[in-house]
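Report on the structure
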Amino acid sequence: MAARQTCPECSHRHDYCLPLRTQGVCDPCDKGYEPTPGTYTTSTAAALHRLAA
């Protein structure tokens, strides 16, 4: 999942799967502006998995 959520251009990991097959980058990079901090993960620590039991 991390590979599908990480933009190859800006290297930000977003909270959603990116359209990498059609666009190749995240929406902000495709449109030419900086992603907003609320849409990507800023921590470099391992992500917490919240799987249903």
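If you're wondering where the values come from, they're calculated on a predicted model, not measured in any experiment.

Structural notes on the overall build of the protein chain
The helix and strand inventory of the protein chain stands at 2 helices and 2 strands. Moving toward the C terminus, one meets the helices and strands of the protein chain in the order α-β-α-β. When each of the 53 residues of the protein chain is scored for burial, the buried share is 21%. Restricting to contacts in the protein chain with at least 6 residues of sequence separation, those with at least 24 account for 19%. With the model as given, the accessible surface of the protein chain reaches about 4,200 Å², and the carbon-plus-sulfur share is 54%.

Things to note about the nonpolar core
Cys-7, Leu-18, Val-25, Cys-26 and Cys-29 form the largest nonpolar core, which has 5 residues in total. With residues up to four places along the chain from it excluded, the contact list for Leu-18 reads Arg-4, Gln-5, Thr-6, Cys-7 and Cys-26.

Points about the confidence of the model for the protein chain
Predicted confidence across the protein chain gives a mean pLDDT of 78, with 75% of residues reaching 70 or more. Mean pLDDT values for the elements of the protein chain range from 72 in strand β2 (residues 40-41) up to 87 in helix α2 (residues 27-31).

A short note on the side chain of Gln-5
Note on placement: Gln-5 falls in helix α1 (residues 2-5). The class for Gln-5 is buried, based on a relative accessible area of 12%. Not counting residues within four places of it along the chain, the set of residues in contact with Gln-5 comprises His-12, Arg-13, His-14, Asp-15, Tyr-16, Cys-17 and Leu-18.

A short note on the state of the cysteines
Considering all chains together, one arrives at 0 disulfides under this definition. With no disulfide of its own, Cys-26 has Cys-29 as its nearest cysteine by sulfur position, at a separation of 3.5 Å.

Quick word on the side chain of His-12
Within the fold, His-12 resides in the loop between α1 and β1 (13-14). If we skip the residues at most four places from it in the chain, His-12 touches Gln-5, Thr-6, Cys-7, Glu-34, Pro-35 and Tyr-40.

Here is what the cut-offs are and how they apply
Residues numbered from 1 in each chain as written. Predicted model: local features only at pLDDT ≥ 70, side-chain atom pairs only at ≥ 80, totals over all residues. Heavy atoms only, no water. Helix = DSSP H or I, 4+ residues; strand = E, 2+ residues; numbered from the N terminus. Buried < 20%, exposed > 50% of the residue type's maximum accessible area, 1.4 Å probe, protein only. Contact = heavy atoms within 4.5 Å. Areas by Shrake-Rupley, 256 points an atom, 1.4 Å probe, with all protein chains shown as cover. Core = buried A, V, L, I, M, F, W, Y, C linked by side-chain atoms within 4.5 Å. pLDDT = per-residue confidence, 0-100. Disulfide = S-S within 2.5 Å.

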